Amino acid sequence: MSSIAARQHNHGSTGGMSMAAGVPGLFYMQQIFWAFVGTAIGVAVIANGLNKILYHQRISAARDNPTAAKPRSLFFRIHATTAAIVREYGYYSLPVSIRKTQIYFAPLGPSTILAGYLVLIIVCSFYGFNTEDVLQWEDVGYRAGYVAICQLPLVILLAAKRNIIGYFTGIGYERLAWLHRWIARAVLFTVLIHAGFFLREWGKYDYIMIKIKADSITQKGIAAGGVLLWIIVSSVAPIRGLSYEIFVVQHILSWLGLVAATYLHVPPENQKWLWIPLAFWAFDRLVRAGYLIYTNLAVFHQNSSGFLSCKATFEPLDDSHTRVTINNPPVKWEAGQHLFLACHVVAPLSSHPFTISSIPSDGKIEFVVRAKKGATKRFFKYAEKSYPGGRTSTRNPGRSVLIDGPYSRIRPLRQFDSVVFITGSTGATFTVPLMRDLVQQWKGLGQSRKSHFDPPPGAVTRYIRFIWVVKQSSSINWFASELDRAIRDVDNLRHDGYSVNLDISVYVTCDESMTSEQTSIKKSTSSISSMPLDEKHLITSEIRNHPSTECHCRKLVKDENVIVPVCECGSASSSYTNSFEKSRSSIVDNRIAILGGRPDVGDVIRGTAEYAMGEMAVIVCGPQGLVQCTRNAAAAISDDRGVHKGTGAQGIYVHAETFGYA
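Summary of the structure given here.

Criteria and cut-off values
Residues numbered from 1 in each chain as written. Predicted model: local features only at pLDDT ≥ 70, side-chain atom pairs only at ≥ 80, totals over all residues. Heavy atoms only, no water. Helix = DSSP H or I, 4+ residues; strand = E, 2+ residues; numbered from the N terminus. Buried < 20%, exposed > 50% of the residue type's maximum accessible area, 1.4 Å probe, protein only. Contact = heavy atoms within 4.5 Å. Areas by Shrake-Rupley, 256 points an atom, 1.4 Å probe, with all protein chains shown as cover. Expected span 1.5 Å × (residues − 1). Pairing = 2+ DSSP bridges. 1 Å grid on protein atoms, 1.4 Å probe; cavity = no way out; pocket = protein on both sides within 12 Å on 5 of 7 lines; lining within 4 Å. Points joined across faces, edges and corners; volume = space filled by probe spheres on them. Nonpolar A, V, L, I, M, F, W, Y, C, P; charged D, E, K, R; others polar. Patch = residues over 30% accessible without salt bridge, like charges linked within 9 Å, V, L, I, M, F, W, Y side chains within 5 Å. Salt bridge = Lys/Arg side-chain N within 4 Å of Asp/Glu carboxyl O. Axes fitted to C-alpha atoms, helices over the stretch in contact; angles between N-to-C directions. Lys, Arg positive; Asp, Glu negative; His and termini not counted. Polar contact = N/O pair within 3.5 Å; in protein donor to acceptor, adjacent residues only side chain to side chain. Phe/Tyr/Trp six-rings, centres within 6.5 Å; stacked < 30°, edge-to-face > 60°. Lys NZ or Arg CZ within 6 Å of the ring centre and 35° of its normal.

## Section: the overall build of the chain
Turning to step 1, where the next piece is worked out: A count of helical and extended segments in the chain gives 20 helices and 17 strands.
Turning to step 2, where the next piece is worked out: The burial tally for the chain puts 52% of its 662 residues in the buried class.
Turning to step 3, where the next piece is worked out: In the chain, once contacts between residues fewer than 6 apart in sequence are set aside, the share between residues at least 24 apart is 76%.
Turning to step 4, where the next piece is worked out: A total of about 29,700 Å² of accessible surface is found on the chain, and carbon and sulfur atoms cover 60% of it.

## Some points on helix α20 (residues 624-641)
Turning to step 1, where the next piece is worked out: With 18 residues, α20 extends 26 Å from end C-alpha to end C-alpha; this agrees with the ideal 26 Å at 1.5 Å per step.
Turning to step 2, where the next piece is worked out: Within α20, 14 of the 18 residues are buried, leaving the element largely enclosed by the surrounding structure.
Turning to step 3, where the next piece is worked out: A positive backbone phi angle near 65 degrees is found at G642, which sits one or two residues after α20.

## Some details on the sheet that holds strand β3 (residues 311-316)
By way of backbone hydrogen bonds, the strands of a sheet pair with one another, either parallel or antiparallel.
Turning to step 1, where the next piece is worked out: Here we have four strands laid out as an open sheet, ordered β7-β4-β3-β8, and antiparallel in their pairing. Every interior strand has two partners, whereas the edge strands, β7 (364-370) and β8 (399-400), have only one.
Turning to step 2, where the next piece is worked out: As paired elements, β3 and strand β4 (residues 321-327) share five bridges and run antiparallel to each other. Among the inter-strand pairings, F314 is bridged to a residue of β4, identified as V324.

## Examining the side chain of E366
Turning to step 1, where the next piece is worked out: Within the secondary structure, E366 is located in strand β7.
Turning to step 2, where the next piece is worked out: Contact partners of E366, with chain neighbours within four places excluded, come to R323, V324, T325, T355, I356, S357, S358 and E482.

## Some remarks on empty space enclosed by the protein
Turning to step 1, where the next piece is worked out: Counted by the stated rule, this structure contains three cavities of 30 Å³ or more.
Turning to step 2, where the next piece is worked out: Taken as a whole, the largest cavity spans an internal volume of roughly 110 Å³.
Turning to step 3, where the next piece is worked out: Along its surface, the largest cavity is lined by L54, R58, P71, F76, H79, A80, A83, R87, E615, H644 and G651.
Turning to step 4, where the next piece is worked out: Of all the elements in the fold, those that place two or more residues in the lining of the largest cavity are α2 (26-61) and α3 (74-91).
Turning to step 5, where the next piece is worked out: Ranked by residue count, the leading element in the lining of the largest cavity is α3, at five residues.
Turning to step 6, where the next piece is worked out: Within the lining of the largest cavity, the residues separate by chemical class into five nonpolar, three polar and three charged.

## Topic: a nonpolar patch on the surface
Turning to step 1, where the next piece is worked out: Taken together, the side chains of Y89, Y92, L94, F105 and L108 present a nonpolar region at the surface, about 470 Å² in accessible area.
Turning to step 2, where the next piece is worked out: For Y92, the position within the fold is in the loop between α3 and β1 (95-98).
Turning to step 3, where the next piece is worked out: Given a relative accessible area of 32%, Y92 falls into the partly exposed group.

## Overview of the sheet that holds strand β12 (residues 501-508)
Turning to step 1, where the next piece is worked out: Read from one edge of the open sheet, six strands run β14-β12-β11-β10-β16-β17, paired in parallel fashion. Two strands bound the open sheet, and with one partner strand each, they are β14 (593-596) and β17 (652-658). Ignoring which end each strand starts from, the neighbouring axes of this sheet average 15 degrees apart.
Turning to step 2, where the next piece is worked out: Pairing analysis gives seven bridges linking strand β16 (residues 616-622) to β17, with the strands arranged parallel. Its bridge partner lying in β17, A617 is registered against Y653.

## Brief notes about the side chain of E482
Turning to step 1, where the next piece is worked out: Within the fold, E482 resides in helix α16 (residues 480-495).
Turning to step 2, where the next piece is worked out: No salt bridge is formed by the buried E482. Its closest oppositely charged neighbour is R436, at 4.7 Å.
Turning to step 3, where the next piece is worked out: Among the polar contacts made by the side chain of E482, one reaches the side chain of S481 at a distance of 3.1 Å.
Turning to step 4, where the next piece is worked out: Excluding anything up to four places from it in sequence, E482 contacts E366, V432 and R436.

## What to know about the packing of aromatic side chains
Turning to step 1, where the next piece is worked out: The full count for this structure, using the stated rule, is 21 aromatic pairs.
Turning to step 2, where the next piece is worked out: Plain terms: the ring middles of Y263 and W275 are 6.0 Å apart, the flat faces sit at 80 degrees to each other, and that makes the pair edge-to-face. Note that Y263 is positioned in helix α12 (residues 244-265) and W275 in helix α13 (residues 272-296), a separation of twelve residues in sequence.
Turning to step 3, where the next piece is worked out: Overall, the relative accessible area of 34% leaves Y263 in the partly exposed class.
Turning to step 4, where the next piece is worked out: Given the relative accessible area of 51%, W275 is considered exposed.
Turning to step 5, where the next piece is worked out: Both rings, one in Y294 and one in F300, keep their centres 5.5 Å apart while their planes meet at 40 degrees; by these two values the pair is tilted.
Turning to step 6, where the next piece is worked out: Taking relative accessible area as the criterion, Y294 reaches 45% and is therefore assigned partly exposed.
Turning to step 7, where the next piece is worked out: Ring pairing ties together the aromatic residues F314, F354, F367, F379 and Y382, which thus form one cluster.
Turning to step 8, where the next piece is worked out: Seen from the ring of W182, R185 lies directly overhead, with NZ or CZ sitting 4.5 Å from the centre.
Turning to step 9, where the next piece is worked out: A cation sits over an aromatic face here: R411 above Y653, 4.8 Å from the ring centre.

## With respect to the pattern of salt bridges
Turning to step 1, where the next piece is worked out: For the structure on display, the rule yields 13 salt bridges.
Turning to step 2, where the next piece is worked out: Between D215 and K211 there is a salt bridge, with the nearest N and O atoms lying 3.1 Å from each other.
Turning to step 3, where the next piece is worked out: We classify K211 as buried; its relative accessible area is 4%.
Turning to step 4, where the next piece is worked out: Between E366 and K364 there is a salt bridge whose closest N-O contact spans 3.1 Å.
Turning to step 5, where the next piece is worked out: On the basis of relative accessible area, K364 is assigned to the partly exposed category, the value being 28%.

## Some details on unusual backbone geometry
Turning to step 1, where the next piece is worked out: Look at the link from G405 to P406: it is a cis peptide, with omega at 10 degrees.
Turning to step 2, where the next piece is worked out: Here P406 is to be found in strand β9 (residues 402-407).
Turning to step 3, where the next piece is worked out: Even without glycine at this site, N328 takes up a positive phi of about 50 degrees.
Turning to step 4, where the next piece is worked out: Here N328 lies in the loop between β4 and β5 (338-342).
Turning to step 5, where the next piece is worked out: Taking relative accessible area as the criterion, N328 reaches 52% and is therefore assigned exposed.
Turning to step 6, where the next piece is worked out: At L349, a position not held by glycine, the phi torsion is positive, near 55 degrees.
Turning to step 7, where the next piece is worked out: Within the secondary structure, L349 is located in the loop between β5 and β6 (352-355).

Right under this line is the structure:
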């Protein structure tokens, strides 16, 4: 009991409290923590810089070198080999079969980052201490508390929409959101160490309840810990998905409550770790508010009238999807980016992120929105009321909307020799604009250089493979004209002597793991196949007239040369659901193959990789199962072919987007 009396849990001033001989001080371990974190961020910044140099080098050499995507110098050959090894390890996710259904653990790359971070905070909390010595338990508690609070700036930096870390590393905020959540959970873990060792010491002397009742510092610490626990629990996907708008409001209020309770709990010398994240948070909010005001007020834009600069029309596409269109938008964007859209007249007090499905040359922003619940369901109901006679009725003049963005980053795809797009359902809103942008680059109509440091126009890319998996063939109408135009543009380019090619295949399947928000996907094996354009014309023409007497839409299509009828067994009947024949006729170019069944992802990637003359990219957007199946296939093919390990095989870069909120 004498040790308790001698060393009270008093946070009044602890930074200079004496430790055992050879044990680092409290502030020193905070510095060690940020030295490691800063080094990791620095490595990511350097990697981003090397990618930009490589991008500029490839585009500059593209005019005279058809293999510009292939590394030449010793440095970039070493870089390519290192990247291949890291990708093969980082992309892979361990699959586990449960009752004929396959689920995936987290990829090894993110898992390794989290494991390394966990080791860092454990070492920072325990280094130099003997946890069996009761006299050091309180020291461990203090150290863990100092390590916990110094993590808060990192949590906020990773959460910001206008993300400072993302800006320098080339990573969008939505791709850092998972790390934001896990770092917050690591803070809770460190707080549990902090509290646990104090409780362990107090419990040895039956002192716990006395401290809780009599010590105000302890009471404030319990309050702060309770708020942090609530933030973590309320942020898990099933809970935050119940009502995203309510989640956002309570999340911000809870965060401010955590700051207040922690401020009262910690000593003055540690309060800087609260002011720093508050400053980062306020900066992000002010910058976003500035962009929001400038973007949405008509006074700042000559082509706008009224008070707000944006008006949107809502058009029903089928029985569960809405096309939202904003003409003459006041913002500039790039393919693959998204905006937050709010229409408070239709869906009050809600703002949701939607991928922009159009490209800048269209002169308009379009979204294809799936009606689920909340705002998306209200959008669809409003669209039905706006078009009472269906899509042929008179167009509604539109409603005023607010937009925030654009957001998201992706490595420029025109630096890759070949690009494979693998898309499930509404994931086409992400991949179709990227594919169209590459075709625009081939035509010499890409976006102009933003600065002197940007590479010149042009593209290294020679070949594009586009795979789209839909649940019913009527979904093809969402992007029928865009796909048709892309095929015709490439045909004209080939006629003019350009050595470029575009293959598009649409798979109609009832397998929801390919098209819906599922976490599983059926197993698939690989065997290579390829199909010339003239054969596709013949095949799809025969499919149109083939009677569908059997359900083929769940079968794995390993050879596109085999005629597989398209059935409509998964299509719901409604006034918007069209027959396959009508969908087919809306795409006048028969070189777009429409097949029944599921694509063999491994086949698609391997077939492209074997003919690639430089690094290729695989862009996948869809449910988690499809995304991880694609990552695993890319990693396996890269390892099997010995990419950049003396075989001559070229690298495979994968960019993955999954359904849902970041």
